[in-house]
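The chain contents come next:
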Amino acid sequence: MASQPPPPRQSVPPSASASAPVFPYVLALADDLSGAAETACALGGSVRLSLTAADAAESAAANDLVVDLDTRHLPTAEAAHAVRTALRAAQAGPPRLLYKKVDSQLRGHLAAEAAAYAEEAEAVVIAPALPAAGRTVTDGVVHVNGVPLHRTDGWRAERAAAPHSLPEALPGLPVRTVPLDVVRSDPAALDAEFRRIADSGAHPAPDAETDTDLDAVAASALRLGPGFRLLGSGGLALALGRVLVRPAAAAHSPAPAQDRAPLLFVVGTAEPAAVAQIAHLTALGAHHVPLDPADLATGTVRLPRTAAAPALTVLSIDGSAGLHPGTGRALSAALGALAAGYPGRPDLVLTGGETARTTLDALGIRELEPLGEIHHGAVHSRAPDGRRVVTRPGSYGAEDSLLRIATALRPSLAAPAATT
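Residues numbered from 1 in each chain as written. Predicted model: local features only at pLDDT ≥ 70, side-chain atom pairs only at ≥ 80, totals over all residues. Heavy atoms only, no water.

Student: Go over the overall build of the protein with me, naming the residues and quoting the values.
Tutor: Check the secondary structure of the protein and you find 13 helices and 18 strands. Counting the 420 residues in the protein, one finds 52% classified as buried. Counted over contacts in the protein with a minimum sequence separation of 6, partners at least 24 positions apart contribute 72%. Approximately 17400 Å² of the protein is accessible, and the part contributed by carbon and sulfur atoms is 56%. (Helix = DSSP H or I, 4+ residues; strand = E, 2+ residues; numbered from the N terminus. Buried < 20%, exposed > 50% of the residue type's maximum accessible area, 1.4 Å probe, protein only. Contact = heavy atoms within 4.5 Å. Areas by Shrake-Rupley, 256 points an atom, 1.4 Å probe, with all protein chains shown as cover.)

Given below as structure tokens:
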């Protein structure tokens, strides 16, 4: 007998009334691949991760669908158009709860994409906090480990300066902040505040410092109905995954041993922490190839020919001389093309959303099956050709992040426990 699809999922958040709406599965739109993978893993349950925007019209309704729109590199107007096009396509498919994934540090075409996403919505609930990565929102200001975003270097590779607040980051939308004491009040009071803001023609941007705060925000939006769309980082996606009841996900069969396949790390981030993360791999004996950004940009880089691919290789952009803002996509495309031509059909670890996308594009990979997280943000997936792919935002991870990923994919690399 053919297996039956799981039953439709219902929203039953705490304090929901008997008349609370029934929601089908989620359609999440992301602006880069690492964020899309993070969202897919956060939602849990049955989920499909697509790299094809037209899949927003997918007719099968027995899974969440996360689509990477890959808009970070586009001109602003084209990025907004991509969001509108995906939303129109979604209208041809089954009803889904809408979610817009954005960067927790407000990078990308946030204002234009949010304005496009808000069209035809009663309101958009805006909550980019990501407590697991130390990113919180207080008084409408995004903080990174307690420091206001505009006082950090999180925008070092951007052409503009970081915004001082969510209203400043979203000039095309009337935004009203919601203080923590309201977020943490009785659910009915939070619902009433969101409704009051929506009735005034504005969009609520609730403060959030903890996962519990985000749970309250997600539950309130669900109680208010599908006219209230959600926009946030992976933190709000995790909250949505917690407050939506879903059928048990099918268990993944154990992966066959892959230790004989090469493992290729493609580090496309300009984050200073990447240097220390790579050092952990070279201590394991990894072959590290730092690439000059000028040579990458001109297409003159050629990887040295070897009789056989090393078991563990790291390709990275040498940022010691600094990187020019706005060159990220071109460098990521060149890095992705190099990675796609690497011999031995390696498993891949891709840091930075643009690097992940350009590498998979060069390989012709159009969808991924998320298998789980190795650590927060480091999502382990399986490609249709069977290779393993780990994606991770460039700004995530402690000093041992890449080491943890390497030993998760290749357990034989783990150092034996010390004996006394």
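Student: Just give me the short version of the packing of aromatic side chains, but keep the residues and values in it.
Tutor: Summed over the entire model, instances satisfying the criterion amount to zero aromatic pairs. Lying across the ring of Tyr117, Arg229 places its NZ or CZ 5.7 Å from the centre. (Phe/Tyr/Trp six-rings, centres within 6.5 Å; stacked < 30°, edge-to-face > 60°. Lys NZ or Arg CZ within 6 Å of the ring centre and 35° of its normal.)

Student: Just give me the short version of the sheet that holds strand S6 (residues 135-138), but keep the residues and values in it.
Tutor: Reading across the sheet, the three strands line up as S6-S7-S8 and stay open at both edges, with antiparallel pairing between neighbours. The open sheet has two edge strands with one neighbour each: S6 and strand S8 (147-148). Taken together, the two bridges between strand S7 (residues 141-144) and S8 define a ladder with antiparallel strand orientation. Bridge pairing links Val144 to Val147 in S8. (Pairing = 2+ DSSP bridges.)

Student: Please provide a residue-by-residue account of the pairing of strand S16 (residues 367-375), values included.
Tutor: For a regular strand, side-chain orientation follows a simple rule: the groups alternate between the two sheet faces. Examined bridge by bridge, strand S2 (residues 47-50) and S16 share two bridges and lie antiparallel to one another. Within S16, the residue paired with Ser50 across the bridge is Glu367. Across five bridges, S16 lies against strand S17 (residues 378-382) in antiparallel orientation. Paired with Glu373 across the bridge in S17 is Val379. What sits between S16 and S17 in their antiparallel hairpin is a turn of two residues, with Gly377 showing a positive phi close to 90°.

Student: Explain the nonpolar core to me, and be specific about the residues and the numbers.
Tutor: Among the nonpolar cores identified, the biggest contains 101 residues, and Leu236, Leu240 and Leu360 are the most heavily contacted of them. Element by element, the count of residues in this core is highest for helix H7 (residues 211-224), at seven residues. (Core = buried A, V, L, I, M, F, W, Y, C linked by side-chain atoms within 4.5 Å.)

Student: Help me get a handle on the environment of Glu209, residues and values and all.
Tutor: Relative to the elements of secondary structure, Glu209 occurs in the loop between strand S10 (203-206) and H7. Taking the relative accessible area as the measure of exposure, Glu209 reaches 32% and is therefore partly exposed. Residues Glu209 and Leu130, spaced 79 residues apart in sequence, show a C-alpha to C-alpha distance of 8.1 Å.

Student: Let's hear about the side chain of Asp68: which residues, and what values?
Tutor: Counting through the fold element by element, Asp68 comes out in strand S3 (residues 64-68). Only 2.9 Å separates the side chain of Asp68 from the backbone nitrogen of Asp70, close enough to count as a polar contact. Not counting residues within four places of it along the chain, the set of residues in contact with Asp68 comprises Ala30, Asp31, Asp32, Leu33, Ala36, Ser50, Leu51 and Arg357. (Polar contact = N/O pair within 3.5 Å; in protein donor to acceptor, adjacent residues only side chain to side chain.)

Student: Could you give me a rundown of H7, with the residues and numbers involved?
Tutor: For H7, built from 14 residues, the straight-helix expectation of 20 Å at 1.5 Å per residue is met to within 8% by its first-to-last C-alpha distance of 20 Å. Along H7, the residues classified as buried are Asp213, Leu214, Val217, Ala218, Ala219, Ser220, Ala221, Leu222, Arg223 and Leu224. Directly beyond the C-terminal end of H7, a positive phi value near 105° is found at Gly225. (Expected span 1.5 Å × (residues − 1).)

Student: So, helix H12 (residues 353-363): which residues are in play, and what are the values?
Tutor: The element H12 is extensively covered by neighbouring structure, given that eight of its eleven residues are classed as buried. Taken together, the buried positions of H12 are Gly353, Glu354, Thr355, Ala356, Arg357, Thr358, Thr359 and Leu360. After H12 finishes, the residue Gly364 shows a positive phi value of roughly 75°.

Student: Describe the packing of H7 against helix H8 (residues 234-243), and please don't skip the residues or the numbers.
Tutor: Where H7 contacts H8, the two axes come as close as 8 Å, and the packing angle between them is 65°. Of the two possible hands of crossing, H7 and H8 adopt the one that is right-handed. In this structure, H7 contributes Asp211, Leu214, Asp215, Val217, Ala218, Ala219 and Leu222 to the contact, and H8 contributes Gly235, Leu236, Ala239, Leu240, Arg242 and Val243. Residue composition of the contact of H7 with H8, grouped by class: nine nonpolar, one polar and three charged. (Axes fitted to C-alpha atoms, helices over the stretch in contact; angles between N-to-C directions. Left-handed = near helix turned anticlockwise from the far one by under 90°. Nonpolar A, V, L, I, M, F, W, Y, C, P; charged D, E, K, R; others polar.)

Student: Explain the pairing of S2 to me, using residue names and the numbers behind them.
Tutor: As paired strands, S2 and S3 are joined by four bridges and run parallel to one another. Each residue of the ladder has a partner; that of Ser50, found in S3, is Val67.

Student: Talk me through the pattern of salt bridges; I want residue IDs and the actual numbers.
Tutor: A full pass over the atoms with the stated rule returns 25 salt bridges. Across the pair Arg195 and Asp199 runs a salt bridge, and its minimum N-O distance is 4.0 Å. With Arg195 and Asp199 both in helix H6 (residues 187-199) and four residues apart, this pair spans about one turn of that helix. Here Arg195 falls in the partly exposed class, since its relative accessible area comes to 27%. A single network of salt bridges, built from pairs that share partners, joins Arg48, Asp55, Glu58, Arg96 and Glu367. (Salt bridge = Lys/Arg side-chain N within 4 Å of Asp/Glu carboxyl O.)

Student: Which residues make up unusual backbone geometry, and what values go with them?
Tutor: Among all residues save glycine, negative phi is the norm, and among peptide bonds the norm is trans. Of note in this structure, Glu120 is not a glycine but carries a positive phi near 75°. Looking at where Glu120 falls in the secondary structure, it is placed in the loop between helix H3 (110-118) and strand S5 (123-127).

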